[in-house]
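What the coordinates show
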Amino acid sequence: MTYIQLSYGDLILPALLVVMNGALSVALHLRLEWHLAIAAVRMLVQLVLVGYVLTFLFATVSPFWTALAAVAMVLFASREVVARQKRQLRGWWSYGLGASCTLLAAGTVTVFALLTQLRPEPWYHPRYALPILGMILGNTMTGISLGLDVLTNGLVRERASVEASLALGANRYAALLPVMRDALRSGFMPTINAMAAIGLVSLPGMMTGQILSGVEPVDAVKYQLLIMFLIAGGTGLGTLAAVVGAAYLLTDSRHRLRLDRVSSERP
Amino acid sequence: MLSVQSLSRLHICASFELHRGECIALQGPSGVGKTVLLRAIADLDPNTGIVKLDGVLRESMPAPAWRRQVTYLAAEPGWWADTVQDHFKAWADAVPLVEKLGLAGSCGTWSVRRLSTGEKQRLGLVRALMLNSRVLLLDEPTSSLDAESTRVVETMIADRVSAGTSVIWITHDDAQARRVASRQLMMNGGGQLEEQSP
């Protein structure tokens, strides 16, 4: 396998495209130039840092450092899950639910892939474990945040119908089921749409990366299929756990709807 | 039958007894806490105090079982499915009550979205009555109804009371309170209950 290596100097010309966007923003009074500049600098710093961190991790192949990197990724993902909610669970559970569900789903699916299909030596080899975890986390995070957002907003909007069902003797899960179904559908849809459009509308980033680095397209496709199956499984598991967990937290043992445990809508 | 002792939720604190086959009218200015009290009895909101049905403590049974015996009906009942009949376990059994309330027996297939406020209120009442609860907690059950429908609802509830069902009925209408209830409780601004003399 051979690939065309890039130097940092090779990136100057493409970076001018971002500068061009900034110039457009100034010219058209979009007021996006600062956002654009900050986002571009963040991207640059984050990716360069990640490059060095991964180089260190690949060189050491330590279970401790690999696990630490994985935990850091999960914590960033759970922070992102919370940040995307219009209404958040109050207190520690706001982060706890997002972190535990992303960890459960992405962790389980990643370990499953490492132990059964990829079987690197050692099984936790960061060259395989971390990129796969990262791809699954990104998608699981989207599913969980969408599911939680639809659930909390749906419960606030449909409070009268949920409480009517409870007042007639339904248990908490039966009463919340219509809203939970909507939440699960919303969480699953991005993955379903991505699977339906992949290859036709877009070539996925990982597959493109492999092809650019010299992997045969058919082999790259196999990897991409594996990743998509893992993403589908991780998203399904994570969204289900998050929606059921949030439904549990937003009710109590006396089968009451507890919207006092949700913060008010953020502007 | 229903015993409420020092039931406390937000600013309200209430104690009273409701006997078998008795209807109490609960009155008081808007916002004073009448709905809060009924919801607390049904255990729909966190509350403290002792509530018993025939001497059996509310907390000794699962909340869904309690609510099937002590059923709260909101002034604007909620709907969770698309059609009317989806909200009933046995729609065919509900049809006689539905027709008695002046609605078409075929309304089971109607979309909930096309129902008027009054139709929703009558169907919500039928839905609650189908449980054959021992205690009904009615929150202004005729607030959106015309005089004729109100009369039918009052007769229907009176029949249930005669058969042994106990009822707490929130109303702002003094005349209705006198018609339907044998006792009247007035809630004051402090959330306390006072017995009204007939």
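It should be noted that the structure appears before, not after, this text.
1. Examining the overall build of chain B
- Looking only at helices and strands, one finds six helices and ten strands in chain B.
- In terms of C-alpha radius of gyration, chain B reaches 16 Å, essentially the compact-globule figure of 16 Å for 198 residues.
- Along the three orthogonal principal directions, the C-alpha set of chain B runs to about 45 × 40 × 30 Å.
- Counting only residues that meet the buried cut, chain B has 39% of its 198 residues in that class.
- For chain B, restricting intrachain contacts to residue pairs at least 6 apart in sequence, the fraction spanning at least 24 positions comes to 72%.

2. Re the overall build of chain A
- A tally of regular secondary structure across chain A gives nine helices and zero strands.
- Taken from N to C terminus, the helices and strands of chain A fall in the order α-α-α-α-α-α-α-α-α.
- With the principal axes as the frame, chain A shows a C-alpha extent of 70 × 55 × 40 Å.
- Each of the 267 residues in chain A was classed as buried or not, and the buried ones make up 33%.
- A separation threshold of at least 6 residues defines the contact pool for chain A, and within that pool the share at least 24 residues apart is 74%.

3. Remarks on the packing of helix H5 (residues 126-157) of chain A against helix H7 (residues 172-197) of chain A
Residues and elements named next belong to chain A.
- The interhelical angle for the contact between H5 and H7, taken along N-to-C directions, is 155 degrees, at an axis separation of 8 Å. The orientation of H5 with respect to H7, classified from their angle, is roughly antiparallel. By crossing handedness, the relation of H5 to H7 is classed as right-handed. Of H7, the residues touching H5 (which contributes Asn 139, Thr 142, Gly 143, Ile 144, Leu 146, Gly 147, Val 150, Leu 151, Gly 154 and Leu 155) are Val 179, Met 180, Asp 182, Ala 183, Leu 184, Ser 186, Gly 187, Phe 188, Pro 190 and Thr 191.
- Grouping the amino acids of the contact of H5 with H7 by side-chain chemistry returns eleven nonpolar, eight polar and one charged.

4. Structural notes on the sheet that holds strand E9 (residues 183-187) of chain B
Residue and element names in this part refer to chain B.
- As summarised here, the arrangement of the six strands in space is E6-E7-E8-E3-E9-E10, forming an open sheet in which the pairing is mixed. Whereas interior strands pair on both sides, the edge strands pair on one side only; in this sheet they are strand E6 (70-73) and strand E10 (193-196). Between one strand and the next, the sheet's axes are offset by a mean angle of 20 degrees, whatever the strand orientation.
- The pairing of strand E3 (residues 23-27) with strand E8 (residues 166-170) spans four bridges and is parallel. Across the sheet, Ile 24 pairs through a bridge with Ile 168, a residue of E8.

5. Here's the deal with the sheet that holds strand E1 (residues 2-9) of chain B
Residues and elements named next belong to chain B.
- Overall, antiparallel pairing links the four strands, which are arranged E2-E1-E4-E5 in an open sheet. With one partner strand each, in any of the chains shown, strand E2 (12-18) and strand E5 (56-57) form the two edges of the open sheet.
- Both E1 and strand E4 (residues 48-53) contribute to a ladder of five bridges, which runs antiparallel. Across the sheet, residue Leu 2 finds its bridge partner in E4, namely Leu 53.
- On top of the sheet, helix H1 (residues 34-41) reaches E1, E2 and E4; it is set at about 120 degrees to E1, its chief contact.

6. Notes on H7(A)
Residues and elements named next belong to chain A.
- For H7, built from 26 residues, the straight-helix expectation of 38 Å at 1.5 Å per residue is met to within 8% by its first-to-last C-alpha distance of 37 Å.
- Listed in full, the buried residues belonging to H7 are Arg 172, Ala 175, Leu 176, Val 179, Met 180, Ala 183, Leu 184, Ser 186, Gly 187 and Thr 191.
- On its buried side, H7 packs onto H5, helix H6 (159-167) and helix H9 (217-249).
- Remark: Gly 199 follows H7 within two positions and exhibits a positive phi of approximately 90 degrees.

7. Regarding unusual backbone geometry
- With an omega of -5 degrees, the peptide bond between A:Glu121 and A:Pro122 qualifies as cis.
- For A:Pro122, the location among the structural elements is in the loop between helix H4 (93-118) and H5.
- Even without being a glycine, B:Asp43 presents a positive backbone phi close to 65 degrees.
- By the secondary structure assignment, B:Asp43 is in the loop between H1 and E4.
- The buried category is assigned to B:Asp43, around which 22 C-beta atoms lie within 10 Å.
- The backbone of B:Asp54 sits at a positive phi, close to 50 degrees, despite the residue not being glycine.
- Following the sequence through the fold, B:Asp54 ends up in the loop between E4 and E5.

Conventions used here
- Residues numbered from 1 in each chain as written.
- Chains lettered and ligands numbered in written order.
- Predicted model: local features only at pLDDT ≥ 70, side-chain atom pairs only at ≥ 80, totals over all residues.
- Helix = DSSP H or I, 4+ residues; strand = E, 2+ residues; numbered from the N terminus.
- Rg over C-alpha atoms; globule rule 2.2 N^0.38 Å.
- Buried ≥ 20, exposed ≤ 12 C-beta atoms within 10 Å, placed from the backbone.
- Contact = placed C-beta atoms within 7 Å.
- Axes fitted to C-alpha atoms, helices over the stretch in contact; angles between N-to-C directions.
- Parallel < 35°, antiparallel > 145°, perpendicular 65-115°, else oblique.
- Left-handed = near helix turned anticlockwise from the far one by under 90°.
- Nonpolar A, V, L, I, M, F, W, Y, C, P; charged D, E, K, R; others polar.
- Pairing = 2+ DSSP bridges.
- Expected span 1.5 Å × (residues − 1).

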